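# Residue-level structure breakdown
Single-letter residue listing:
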Amino acid sequence: MKVLLSWLREFAPIEGDPAELADHLSDLGMAVEEMRTLPSLDGVVVARVAGLRPHPEADRIQLVDVELPGFSGEGADGALQVCCGAFNMSVGDLVPLATIGATLPDGLQVSERRMRGEASEGMCCSAAELELGADADGIMILPGDMEIGAPLMSQLGLAGDVLYDLEVNPNRPDAMSVAGVARDLAARLGVPFQIPEPSLSETGQDISSVASVEIIDADLCGRFGVRVISDVSIGQSPLWMQARLTLCGMRPINSVVDVSNYVMLELGTPNHTYDLALVPGGHLGTRRSTGGERLVTLDGTEREMLPGDGLIVDRDDRPIGISGVMGGENTEISDDTTTVLLELAWWDRLSISRTSQRLGLRSEASMRFERGTDYELVPIALDRFCELLDRVTPGGVSVCRGRLDARGDLPGHRNVAVRPARMGHLLGRPFTATDLGDLLNPIGMTSAASDDTAEGDEGTLEVTIPSFRPDVETETDVAEEVARHYGYGRLGRTVPRSPEPGRLTPVQGLRRDLRRVLVGAGLSEAMPNPFLAPDAVRRAGIDDAEPVRLLNPLATEESILRPSLLPGLLAAAAYNSSHRNDTVSLFEMGVVFGPPSAQSATSELPTETEHLGAIWADGAVADAMQLCGLIEAAFGLEIKLHNARDLDGMHPVRAAEALLGERPVGVVGEIDPVVCERHGLTDRCAWLQLDVELLLAAASAAADRPYQIVSTYPSSDIDLAFAVPDSVQASAVRDTLLSAGGQELRSAELFDVYRGGQMAAGTRSLAYRLRLQADDRTLTDQQAAEIRQRCIDAVEQTHHATLR
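First, a word on scope: everything that follows refers to the structure included in this document.

About the thresholds
- Residues numbered from 1 in each chain as written.
- Predicted model: local features only at pLDDT ≥ 70, side-chain atom pairs only at ≥ 80, totals over all residues.
- Heavy atoms only, no water.
- Helix = DSSP H or I, 4+ residues; strand = E, 2+ residues; numbered from the N terminus.
- Buried < 20%, exposed > 50% of the residue type's maximum accessible area, 1.4 Å probe, protein only.
- Contact = heavy atoms within 4.5 Å.
- Areas by Shrake-Rupley, 256 points an atom, 1.4 Å probe, with all protein chains shown as cover.
- Lys, Arg positive; Asp, Glu negative; His and termini not counted.
- Charge placed at Lys NZ, Arg CZ, Asp CG, Glu CD.
- Pairing = 2+ DSSP bridges.
- Core = buried A, V, L, I, M, F, W, Y, C linked by side-chain atoms within 4.5 Å.
- Axes fitted to C-alpha atoms, helices over the stretch in contact; angles between N-to-C directions.
- Salt bridge = Lys/Arg side-chain N within 4 Å of Asp/Glu carboxyl O.
- Parallel < 35°, antiparallel > 145°, perpendicular 65-115°, else oblique.
- Nonpolar A, V, L, I, M, F, W, Y, C, P; charged D, E, K, R; others polar.
- Expected span 1.5 Å × (residues − 1).

## Quick notes on the overall build of the protein
- Helix and strand counts for the protein stand at 21 helices and 39 strands.
- For the C-alpha atoms alone, the extent of the protein along its principal axes is close to 125 × 90 × 55 Å.
- Looking at the protein residue by residue over its 804 residues, the buried ones come to 49%.
- Sequence-distant contacts in the protein: of pairs separated by 6 or more residues, those separated by 24 or more amount to 70%.
- Accessible surface for the protein amounts to roughly 38700 Å². Of this, 48% is attributable to carbon and sulfur atoms.
- Each charge sign in the protein was given a centre, from 69 positive and 120 negative side chains, and these centres are 6 Å apart.

Here it is in structure tokens:
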């Protein structure tokens, strides 16, 4: 909502620094998004057209001799000569002239130049070029009573004016008008507010002889007012009105439409005009549609009504408008219109909202009707329209005597009981009944002592809510109004106390610990989109999963839910690689989606499981295994790895399944080179994916594990290499070593795998480094040798292996 300071001052004597006024408006809940002081347009003055001559070398340009006191130039009789491409001027017209050196609102600086050999000593301006109107086709013609040579903005009354762009929330219908904003600001400043009474003379015939009104569905229309205006001549509205409309975001069209929009902006009361000659008998009725009725609206579109839609009909029950939304083309005002039938009504908010949203017709009028308009302003707004139209029409208009004012179901005034003690409790400071009255009365909420004061509620007030505030319904709503006008900044701040201090659940704490482990391992967190393109899953080598498809995706390329974290992190690594960041290491903790579970109570919904995914763009499998070891150490877990083939997206022989006990919890290994190639990754990529829910559940169960003594005695390492059949898992050999070594065997790590000519067919060499250490002594060579031999015997007997 845009408002001019000069327009606000027509309702209240508002004075003060414009910036301070902006602060007041924001504090009142109408946040000032922009404040702009209108440019003075220095160098743009009022000039008179003294002569018009054709350009000797150009058909589309004419030479305009401009009379300006104190200036002389190359025009006839010493007038300034201006080359101009517009031809709407006549000798004697007053026009805005940008003199040499003037700067226009778009930044153009006017300078002397020659066009086809003729001098141009200034620039005649259109309304659009000065941002004072929408007309860019011709030069702005000024009123003949302006002073020649005077600055244009001072003659228009806009010099130094301030334009505020306000954010108005949906619960403030009263602030959708200049009068409503002025009322709030006047109350804050403590100055009187008043809507001026329109002044008009009724010189026409009695309105009842030319027009009639009927409300058929009273729940649709609560009040329907009509005026009839004759001797109308359609033309351009005056510049001051065009300028105000343009600055407030409305496009000037003609005198009747401009007056209609002006009244709507000023009082917040949308209205509609009909050509009386096109309305049979001057009769207007309003009812709900029975369905199937059609109407061509003002935008030239034929629309079909559904049952319940509001309609305005003529004497023959023919639709001529959609209630509160848009008028019909069959009664539209034209240049030939001489008698105007003016309608201004109060409509049911929900009915207008339902119809406008269904038809996709959102306008300034429908927006105000949806939020709620003031039905008590109907007669004032009707008279204001007539007053303005008479003022802007040359020779004036003739207004028929009287107005038609039909009534339907109106909501009436609400009375809300307001307890000062309750206000103090809600707002954090005490208020007396007098304090509340002083704050509420200036904004139209009259208060009086209640006769039904309950015991303990001394001083209860009965507050009458005005018709322009349909949003205020309860005592809490009144408290909001008190807070706005007292000032939120003056209320102070109180931190609410909670009976229970906030804390993390054990699982939340473990999840944060897991994230810290990942960050500490040197990985950066990524947050890929959970929505994928249909081919993204296939490109990641995930062939078996049936992804969950969205019924209404925002985009075709984001139409399925991810079944794995691999596609998103692959895309993130590929993006980094394309920007020459080839060594990136990323992780994500996020939800993956699967088909609905038959055991779930909400079986129509997809299953959701939280997973951890980590990728090393140029890493070896050792990076992923090392992270696995860190997670084991941090949470007291034992994650076993079991070689597996046909893992989605993984290398056929360089990948393993991660197990907690006998339960699979994820995969670790190298990403299939084919998958990497599809994503433009040329280096080997390591991958780790774990089920976070299973991981944290196991970590919670192991949270009370006892601490172990750290031995202070020296350790010794022994390397053993075995020739092992290919069918034997390396992890199985490691488990056998740990079992045979006993307490003194602290670790057994695989450090080499060899296949070559020295190995028998179907076998490979697995080399392990054993670390021996006791808690209470230094192991002797003989004791170490005994442990070594036990390990060798166990592996050879269990796995048909041979020591190399």
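Picking up after the structure, the text goes on.
## Some details on the pairing of strand 4 (residues 58-67)
- Along strand 4, seven of the ten residues are buried, which leaves the element largely enclosed by surrounding structure.
- Sheet analysis places strand 3 (residues 44-55) next to strand 4, joined by seven bridges and oriented antiparallel. Note that in strand 4 the partner of proline 54 across the bridge is glutamine 62.
- With antiparallel pairing between neighbouring strands as the criterion, strand 3 and strand 4 make up a hairpin whose turn holds two residues.
- Note that strand 4 and strand 5 (residues 80-84) share five bridges and pair antiparallel. Each residue of the ladder has a partner; that of aspartate 65, found in strand 5, is glutamine 81.

## Some thoughts on the nonpolar core
- Residues Leu8, Leu132, Tyr164 and Leu389 are the most contacted members of the largest nonpolar core, which totals 82 residues.
- For this core, the element with the most residues is helix 9 (residues 378-392), which contributes eight residues.
- Ignoring anything within four residues of it in the chain, the contact list for leucine 132 reads Ala127, Met140, Leu152, Met153, Leu156, Leu158, Gln242, Ala243 and Thr246.

## Describing unusual backbone geometry
- The backbone phi angle of leucine 41 is positive, close to 50 degrees, even though this residue is not glycine.
- Here leucine 41 lies in the loop between strand 2 (31-37) and strand 3.
- The backbone of arginine 580 sits at a positive phi, close to 65 degrees, despite the residue not being glycine.
- Residue placement: arginine 580 occurs in the loop between helix 16 (566-578) and strand 30 (585-594).

## Regarding the sheet that holds strand 30
- Reading across the sheet, the seven strands line up as 26-30-31-35-34-33-32 and stay open at both edges, with mixed pairing between neighbours. The open sheet is flanked by strand 26 (524-525) and strand 32 (639-643), the only strands paired with a single partner.
- Pairing of strand 34 (residues 663-671) with strand 35 (residues 686-691), which is carried by five bridges, proceeds in the antiparallel orientation. By the bridge assignment, valine 668 is partnered in strand 35 with leucine 688.
- Of the strands in this sheet, strand 26, strand 30 and strand 31 (607-616) touch helix 14 (residues 506-520), which is tilted by about 140 degrees from strand 30.

## Things to note about the pattern of salt bridges
- A full pass over the atoms with the stated rule returns 44 salt bridges.
- For glutamate 670, the salt bridge goes to arginine 654, with nearest N and O atoms at 3.3 Å. Of this pair, glutamate 670 sits in strand 34 while arginine 654 sits in strand 33 (residues 650-660); the two residues are 16 residues apart in sequence, bridging distant segments of the chain.
- Here aspartate 717 and arginine 771 are joined by a salt bridge, their closest N and O atoms 3.0 Å apart. Placement of the pair is aspartate 717 in strand 36 (residues 716-725) and arginine 771 in strand 38 (residues 763-772), with a sequence separation of 54 residues.

## Thoughts on the packing of helix 2 (residues 18-27) against helix 4 (residues 178-189)
- Orientation of helix 2 relative to helix 4, taken along the N-to-C sense of each, is 105 degrees, at an axis distance of 10 Å. In terms of orientation, helix 2 and helix 4 fall into the roughly perpendicular class. Counting all contacts with helix 2, which are made through Leu21, His24, Leu25 and Asp27, the residues of helix 4 involved are Val181, Leu185, Arg188 and Leu189.
- The class makeup of the residues in the contact of helix 2 with helix 4 is five nonpolar, one polar and two charged.

## Brief notes about helix 21 (residues 781-799)
- Between the first and last C-alpha of helix 21 there are 27 Å, a value that for 19 residues agrees with the 27 Å anticipated at 1.5 Å per step.
- Against the buried residues of helix 21 lie strand 36, helix 20 (730-741), strand 37 (745-754), strand 38 and strand 39 (802-803).
- Of the residues flanking the end of helix 21, it is histidine 800, one or two places downstream, whose phi is positive at about 55 degrees.

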